Amino acid sequence: FEQYLLEAIDGACEAGARIEIRGANRVIGLSALDPAKTADAPFRLNVETPEGRYDLDVDWVIAADGARSPLRAMLGLGFDGRVFEDNFLIADIRMQKAAPTERRFWFDPPFNRGETALMHKQPDDIWRLDFQLGWDIDRAAELDPGKIKARVAAMIGADTPFELVWSSIYTFRCCTMEAYRHGRIFFAGDSAHQVSPFGARGANGGVQDVDNLGWKLGAVLRGEASDALLDSYHSERKQAADENIRASSRSADFLTPRTAAHALFRDAVLDLVEDFEFARPMVNSGRLSTPCTYDGSPLNGVDALPDGPVRTRPGSPCCDVILQDGHLLERLPKGASLLAIGLDLPDRISLGTTPLPVLALSAAEDTEGLLAQRYLGASASALYLLRPDQHVAARWARFDQTALATAYDTMMGGGRDG
Ligand SMILES: Cc1cc2nc3c(=O)[nH]c(=O)nc-3n(C[C@H](O)[C@H](O)[C@H](O)COP(=O)(O)OP(=O)(O)OC[C@H]3O[C@@H](n4cnc5c(N)ncnc54)[C@H](O)[C@@H]3O)c2cc1C
C-alpha cells in the first residue's frame, strides 16, 4: 500500500467509513455458511496470517486477488483466452539523460534485431526499458545482470552511465472470465480479466471495475436500489474488458505478429510511415486506455437531446471541459447528480425522498466553447442525469420531473427492494 492510499483510507475512516487493512492475511478457503443455499448465502473465509489462522464471516466478497486468483480457483471457475507466446525483459535503470519524455518504440533496432524495444521515463530519473526476447529463451541466462547491462548499453550508448535498479521477465495473455458476478461474489481487476501491457489497460481496467461496483454495492447496502443493479456490474464491465482485450490484442499482433498476414501488414506500415502521413496512425504500439462507453446498458435512460453530441450519449463517461472557474469534472457534485446547462433549476431536485444535487452552468462560464461543443450540440439547453461514476445515464433538452424520475429508476436498476 502506498502512503497516499493509506492517508485516503484514514481520511475516509475519520468521515465514518468502516475500512480495516489487514496486511499479510491470506485467504486459503471459502465456503457458503448455509449448505441449503449456494452462492447467495453469507460466506466464511478461512484466513491465514503469520500469527495463525482465523475465520471471517462475510456477506459479500470482492475477489480482487490478481491474475492467479486463488478465489477463482476455489470456486472452480474458468478463465479463457489467448496466451501470447513471447517474453519481454523489463529493466528499470537510473540515468541522467536529456532524452524526450515521450514513450519511444523501436521495431527491429540494431541493438535488438528482429524484435522490438520500448523506453519511457518514470519519476526520479528512472527509465523503463522493455526488450522483446522471443518465446524460446533461457530465462535464467536472460536475467543475468551482466547480460542485461550489455543490452542496456547497446541501447542507450556505451558511454552513458546508468544504474540497473530492477529487472524481470514477463509474458502476457488476454483472458476473461465468463461472468464477473457469482451471487454475492464479484471478480474485479486481473482476477476477472487480463490484457497485454500495451495500452495501460490492466490497472486502469481494475480501477474502473471498482469505480463501477462501489456505488452500486453501496446503493444496495443502503436499500436505495434493488439487487438487480448489481447484475449490471457484470454486463458493463465485461463489455469494457472485451473492448480492452480487442484493443490490446490488436496492439500485440502489431508488435509481435503471429501470422504471415499480421507480419505483412506490420512491415508494410513501417515501410510507409517515413514518407506517407496516412500510414502513421496505423502504427499500433498500444492504444492508450480510455473508459468504455456502456452502449446498450440496462441502466441507460432516454437520449432526448435532439442532435446531442455523440461523445456524451447515455452510457458515456463524462468528458472534461475547461470552464471559467475550474474543470467540469471537479465541479460535479459527488454521487448521482444533474448537470443543467442554460436551464433555471434550484440546487437540488427531489425525487421522492432522494435529493439530487444540481450543477447549473450558463453560457457565460463556457469561456472556450467546449461545454456547448461537448454537451449541447445544436441545442440551447440541456439536462444530464449523471451516475455516481460520472457516466451519463440520460439527457434531455429541458427539465421534466416525470421523465427524470423514470430515468433515475432505470439508472438504479429498476426499482427498490422492500
Ligand atoms: C510489465 C507490466 C506492465 C504493466 N503496465 C501497466 C500500465 O502501464 N498501466 C496499467 O494500467 N496496467 C499495467 N499493467 C497491469 C497491472 O499491473 C495489473 O493489471 C494490475 O496490477 C492488476 O491489479 P489487481 O489489483 O487486479 O491485481 P494485483 O495487482 O495482482 O493484486 C492482487 C492482490 O491480491 C493479493 N492476493 C492474492 N491472493 C490472495 C489471497 N489468497 N488472499 C489475500 N490476498 C491475496 C496479492 O497479494 C495482491 O496484493 C502492467 C503489467 C505488467 C506485467
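Calculation criteria
- Residues numbered from 1 in each chain as written.
- Predicted model: local features only at pLDDT ≥ 70, side-chain atom pairs only at ≥ 80, totals over all residues.
- Heavy atoms only, no water.
- Near = heavy atom within 4 Å.
- Polar contact = N/O pair within 3.5 Å; in protein donor to acceptor, adjacent residues only side chain to side chain.
- Areas by Shrake-Rupley, 256 points an atom, 1.4 Å probe, with all protein chains shown as cover.
- Helix = DSSP H or I, 4+ residues; strand = E, 2+ residues; numbered from the N terminus.
- Core = buried A, V, L, I, M, F, W, Y, C linked by side-chain atoms within 4.5 Å.
- Buried < 20%, exposed > 50% of the residue type's maximum accessible area, 1.4 Å probe, protein only.
- Contact = heavy atoms within 4.5 Å.
- Salt bridge = Lys/Arg side-chain N within 4 Å of Asp/Glu carboxyl O.

(A) Examining the site of the ligand more closely. Near the ligand lie 15 residues; those nearest to it are V27, D190, G202, A203 and N204. Contact between the ligand and D190: an oxygen atom at 2.8 Å from a side-chain N or O atom of the residue. A200 is positioned such that a nitrogen or oxygen atom in its backbone is 3.2 Å from an oxygen atom of the ligand. Look at the ligand: alone it shows 1,000 Å² of surface, and the protein chains cover 53% of it. Taken together, the elements giving at least two residues each to the shell around the ligand come down to strand 1 (26-32) and helix 5 (202-221).

(B) Summary view of the nonpolar core. Formed by 48 residues in total, the largest nonpolar core has its most connected members in V61, L338, L356, L385, L404, Y408 and M411. In terms of residue count, the dominant contributor to this core is helix 5 (five residues). Look past the residues within four positions of M411 in its chain and what remains in contact with it is W215, L229, L299, A336, L385, L386, R387 and A393. Listed in part, the 20 residues of the second largest apolar core include V321, I341, A382 and V392.

(C) Geometry of the environment of A141. Of note, A141 is situated in helix 3 (residues 139-142). Considered as a pair, A141 and R280 are 139 residues apart in the sequence and their alpha carbons are 37 Å apart.

(D) Quick peek at the pattern of salt bridges. All told, the structure shown has 22 salt bridges when counted by the stated rule. Across the pair D57 and R44 runs a salt bridge whose closest N-O atoms are separated by 2.7 Å. Taken together, the positions of D57 in strand 3 (residues 52-58) and R44 in strand 2 (residues 43-49) put the pair 13 residues apart, joining distant regions of the chain. For R128, the salt bridge is made with D92, and the minimal N-O distance between the two is 2.8 Å. Highlighted residues: R128 in strand 8 (residues 126-134) and D92 in strand 5 (residues 80-94), separated in sequence by 36 residues. Taken together, the shared-partner salt bridges in this structure form one network comprising K216, E236, R387 and D389.

(E) Region of the structure containing the environment of V392. Counting through the fold element by element, V392 comes out in strand 20 (residues 392-396). For the pair formed by V392 and M411, sequence separation is 19 residues and the distance between their alpha carbons is 9.7 Å. The contacts of V392, once residues within four sequence positions are left out, are N300, T312, R313, P314, G315, S316, C318, Y384, L385 and L386.

Structural measurements only, silent on function.
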